[in-house]
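What the coordinates show
Spelled out from the first residue to the last, the chains are:
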Amino acid sequence: MKHFYFNTIFSLFFIGSISLSAQITNNLSLQGIIDFSVPSGGNDGKAIHLVASTDIDDLSVFGIGVANNGGGTDGMEYSLDSVSASSGDDILVARSVEAMSAYFADCYSAFDIIMVANSNIGQNGDDAIELYEGETVIETFGDVDVDGTDEAWEYMDSWAYKVDDTWTYGAVDCTDGSQTTLSSNCIYPICDGGGISGC
């Protein structure tokens with residue numbers, strides 16, 4: 001069950017200190033990078049899949065940045081919603097909730113929390129992704145200084161998915177022409193019991 005609440009800011013003052021430093025928890029991680037070819041086209045097939053490693057009171061301390069075309073970091077471009085997550089929750093940040101719901105079909109329910117992405121979540125299958133906690137990058141997929149085309153981590157019209165801390169991939173263009181992930185040549189692993197299929 002999802003709980004929504006308003007963000008409350010607490011100010012802490014320390015004697016003799018004029019700056020505050022947030023403790024980094026690393027309680028959220030990248031699970032999947034998605035650039036599906038969905039029937040509705042455009043940017044509708046772009047999403048980021050995250051997973052909580054423990055209970056998190058407020059996801060808004062985390063954010064995402066997309067480093068386009070190997071041009072280096074663009075900083076945090078999207079902040080997560082101010083909602084709580086439970087340990088093990090799968091979180092989908094999607095450009096089009098409707099397109100993702102249709103494309104994932106029956107396994108769409110595997111996601112515990114769905115968030116609507118802004119236009120900055122527009123990775124093109126060759127862009128690195130940064131996960132932020134506060135102002136600190138806590139995880140990076142790919143290389144922010146390298147265009148991923150023809151790199152081992154390219155995921156054009158496909159996906160990257162982490163299994164036991166190792167990234168696995170659907171073949172480039174493997175979702176082209178498919179109506180759902182189950183009809184594609186590379187079923188997204190959360191829809192296949194966590195195994196890799198069709199790759």
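The structure we're discussing is the one just above.
Below: a short report on this structure. These numbers come from a predicted model, not from an experiment.

1. Side note on the pattern of salt bridges
Counted according to the given criterion, the structure contains two salt bridges. For Lys 46, the salt bridge goes to Asp 35, with nearest N and O atoms at 2.7 Å. Taken together, the positions of Lys 46 in strand S2 (residues 46-52) and Asp 35 in strand S1 (residues 28-35) put the pair eleven residues apart, joining distant regions of the chain.

2. Digging into the sheet that holds strand S8 (residues 136-141)
Reading across from one edge, S4-S3-S7-S8 is the order of the four strands in this open sheet, with antiparallel pairing throughout. Both edges of this open sheet fall to strand S4 (78-79) and S8, since each of them pairs with a single strand only. Pairing geometry for strand S3 (residues 62-67) and strand S7 (residues 128-133), over six bridges, is antiparallel. When the sheet's bridge partners are listed, Gly 65 is paired in S7 with Glu 130.

3. Overview of the packing of aromatic side chains
All chains considered together, the criterion is met by eleven aromatic pairs. On the basis of an interplanar angle of 70° and a centroid distance of 5.5 Å, the ring pair of Phe 36 and Phe 104 is categorised as edge-to-face. Taken together, the positions of Phe 36 in the loop between S1 and S2 and Phe 104 in helix H1 (residues 97-104) put the pair 68 residues apart, joining distant regions of the chain. Among the residues examined, Phe 36 registers a relative accessible area of 4% and is labelled buried. For Phe 104, a relative accessible area of 0% corresponds to the buried category. A centroid spacing of 4.7 Å and a plane angle of 65° characterise the contact between Phe 141 and Trp 167, whose relative ring orientation is edge-to-face. Taken as a pair, Phe 141 in strand S8 and Trp 167 in strand S10 (residues 166-169) lie far apart in primary sequence, 26 residues in all. Accessibility expressed as a relative area gives 1% for Phe 141, which makes it buried.

Criteria and cut-off values
Residues numbered from 1 in each chain as written. Predicted model: local features only at pLDDT ≥ 70, side-chain atom pairs only at ≥ 80, totals over all residues. Heavy atoms only, no water. Salt bridge = Lys/Arg side-chain N within 4 Å of Asp/Glu carboxyl O. Helix = DSSP H or I, 4+ residues; strand = E, 2+ residues; numbered from the N terminus. Pairing = 2+ DSSP bridges. Phe/Tyr/Trp six-rings, centres within 6.5 Å; stacked < 30°, edge-to-face > 60°. Buried < 20%, exposed > 50% of the residue type's maximum accessible area, 1.4 Å probe, protein only.

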